[in-house]
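Coordinates in review
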Amino acid sequence: MAEAADFPGTSPSPARRWLRRTAALLAGAPLLTGVLQLPAAPVADAAVPGAAAKATGSSTVDVSLNSLTPTAPTEDDTVTVSGTVTNNGKQTVTRAEVGLRLGTALNGRSQIDAAAKRTGYQPGADGAEVGGKYVEKVSKLAPGVRQDFSISVPVKALDLDIDGVYQLGVSLTGRTSTQPWSQVLGFERTFLPWQAEDADTKTKTTYLWPLISTSHLTAETGSDEQQTPVFTDDDLAKEIAPGGRLDQMLSLGRKLDVTWVIDPDLLASVDAMTRSYRVQTADGRTTTAGRSQAVAKQWLNDLEQTVQDQKVVALPFADPDLASLAHNGKTVSGSLGQLKDATDAGSLAVESILHVKPRSDFAWPVNGALDPSVVDVSTSAGAHTVIARSDSLRETDGLTYTPNAARPIGGGTTAVVADAGLSTAFQGDMTGAENSTLAVQKFLAQSLMVTLQAPDKQRSIVVAPQRMPTASQAQSMAKALTALSDERWSEPQDLTAAAKAKPDPAATTRVPSAGSYPASLRKQELPKSAFQDIQNTQNKLNRFKTILSEPDRVITPFGRAIDREMSTSWRGRAGEADGFRRGVQNYLTTLTQQVRLIQKSDAKLSGRSATIPVTVQNNLVQGVDHMVLRLTSENPTRLKIGGEAYWEQPVKIAGGHAQSVKFTTTANANGPVPVYAQLYTEDGQPYGDPVRFDVNVTEITLTVMLVIAGGVLLLVLAGFRMYTQRKRAARKQAEEAAAGGPDDGPDGESGTESGDDHPEQPSDPTPDTAPESTDPSDTGERVDR
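Each value, and the rule that gives it
- Residues numbered from 1 in each chain as written.
- Predicted model: local features only at pLDDT ≥ 70, side-chain atom pairs only at ≥ 80, totals over all residues.
- Heavy atoms only, no water.
- Buried < 20%, exposed > 50% of the residue type's maximum accessible area, 1.4 Å probe, protein only.
- Helix = DSSP H or I, 4+ residues; strand = E, 2+ residues; numbered from the N terminus.
- Pairing = 2+ DSSP bridges.
- Contact = heavy atoms within 4.5 Å.
- Axes fitted to C-alpha atoms, helices over the stretch in contact; angles between N-to-C directions.
- Parallel < 35°, antiparallel > 145°, perpendicular 65-115°, else oblique.
- Left-handed = near helix turned anticlockwise from the far one by under 90°.
- Nonpolar A, V, L, I, M, F, W, Y, C, P; charged D, E, K, R; others polar.

Okay, the pairing of strand E12 (residues 259-262) next. Because side chains alternate across E12, one face comprises the buried residues Thr259 and Val261, and the other comprises Trp260 and Ile262, equally buried. As defined by bridge partners, strand E9 (residues 203-211) adjoins E12 across 4 bridges and the pair is classed as parallel. Counted as the bridge partner of Leu208 is Thr259 from E12. Where E12 and strand E15 (residues 312-314) come together, 3 bridges link them in parallel fashion. Within E15, the residue paired with Trp260 across the bridge is Val312.

Printed below as a string of structure tokens:
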């Protein structure tokens, strides 16, 4: 962020500056004399290798500053500085004392950063020793020996003349056998924020308090009515247990005025732990019963009570990686739709579990890094505000102060630009007391300096820390925020109010180009292949759910598992992310294969028509419906199914049952015919693998063929006889006409030949199938007839 080079009215008086400079010169005179008296080539330490060789000068003794209280003192306070000194040199330090050194007020945020980066003691720059009775004597400090110290100084004795940030140093001054004069042998510096009275215009500070974890729930559930969930591990139980990371985040955050930013997946996972749940073993094939129900209930109850009447921001379910989606996933069909589903599911989960109405219109890309595509994806699911960071949206107009966080970036979208310096203040290892103390003091110093940059200008800033702070980082964050709670120069504000603050007209609103996106963050993104895997899983789920009588039993667990596949928490864990995706895919495949066709042996058709059964097995606990089974003949000239080349019949099977579907076939010739059975969904999509078998028509015999041929012959003979009779009758009529009249018979009727008036009718055809053979059965399946 930009900052002022100096501030009107913040410099000490000329007389006071002269006194401090004179004191610094006097303090450095013995050191200068000692330097001039040094031998040209000191022998004692010349051959010391490694770290010991570096333990010289003001680095001879390590000074560790483990506590500074109060962190932001008032006029009547006493500042107490505690820590340890350790002799890292090879010579004993004698006639030593530990004292405080107060520098002049710093003139900007950049000076704070520069001072924090300096190592070792620098005469003049690190101030004069407070001295007097405010030192602690150390008579002797042998090599490798550590000794505690604690120095208390009334604020009035420090003579802090103006409001500002002061550099506060802790030095050990002593002597060694090779350098027998008083000199600074160890030094550590920190900052002392000083605001004597409440500022007339206070900076409004929004601090995000994230409750986010990695993914722990799998897509797998039990077959019982409650669908017992299965976890990949029981690490979440450790996080919410007393003293765990998330327990610390909750217990510390409930005492602070912060905006809660929650991943709904965390809530859903803890909620699942309040009932029966199971945990995968190391081999991933078996599970054991989870036993942290009481811990989960307590944590959720405490959280619900804490966030009542508080501002809560719900991230999309499982905190999807927006930058990965923007750079690698948006070209994969369906990916953006998945983000919208995750947003809706996230809001619903927070409301149903915590019974608060969250804000779900904020998007939080990784580290607040933006480019146009990240903004487009972030807002595609309904977000109107993107949480960015000032090291991404950098100021370009030479502002001498930190501007308001909110600023319009086009398209009706607001970027809330978190302060990078304050947001990254606690990202390091905070397990050591010294690191935590230095981080807290620097945070407070930067916070006060923001107010001092433009004391008459109201500002609104946002702090967005790392997504998953450790327990020690959370403790350091809470310590710093507690120091701000007296509201001398800063007052709390929620994220919604910060987003509505009036934008500074001079602040940048230009979203960085795609080429400026940090390469280090790109390397951690989910690849395009991951989003293709995700879409393949979604497509398979879409087909599967259409056949189920209770589709919600798979839509919910698999839908949320697919959300977890896009989680930001996979950054830096590519192998684990790939394993999680494979696990979801494999389990879904296992379920879909529970509805299948039973393999069928070749069938024998012992006649022209028969019924062929095909069996469908459903090993799911729920029924399946909305399916059809199609039987197709590869040679319909020889064999027809239901009078056609193929025939379909609906399939509906209860859970854990099988159903035989029967098809009527008609054969026209002997020989084998390949037949395929295939399940389909109602919309015509194939389901599962087809089953192939041969239907061998073996009993259209010679007898049957002779009967057919005989029938044809009779028809031919009957036609021939009718023809000859008509010819004969015509000839007779012609003769009678020539003779003068017909020749009546004895009965007075026209005569016909005896036996020709009732021609013989063909007998009924023989049956379609021959009598059962007494020969041994063939290996093929004999179908119903």
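As for its placement among the helices and strands, Leu168 is situated in strand E7 (residues 164-175). Since its relative accessible area comes to 1%, Leu168 is described here as buried. Sequence separation of Leu168 and Arg101 is 67 residues, and the distance between their C-alpha atoms is 5.7 Å. Residues in contact with Leu168, not counting those within four places in the same chain, are Leu68, Val81, Leu100, Arg101, Leu102, Glu188, Arg189, Thr190, Phe191 and Leu192.

The next point concerns the packing of helix H7 (residues 264-273) against helix H10 (residues 335-354). The contact between H7 and H10 brings their axes to 9 Å, and the two run at 45 degrees. Taken together, the axes of H7 and H10 are oblique relative to one another. The interaxial crossing formed by H7 with H10 has left-handed handedness. Counting all contacts with H7, which are made through Pro264, Leu267, Ala268 and Asp271, the residues of H10 involved are Gly346, Ala349, Val350, Ile353 and Leu354. Among the residues making up the contact of H7 with H10, the classes are represented as 7 nonpolar, 1 polar and 1 charged.

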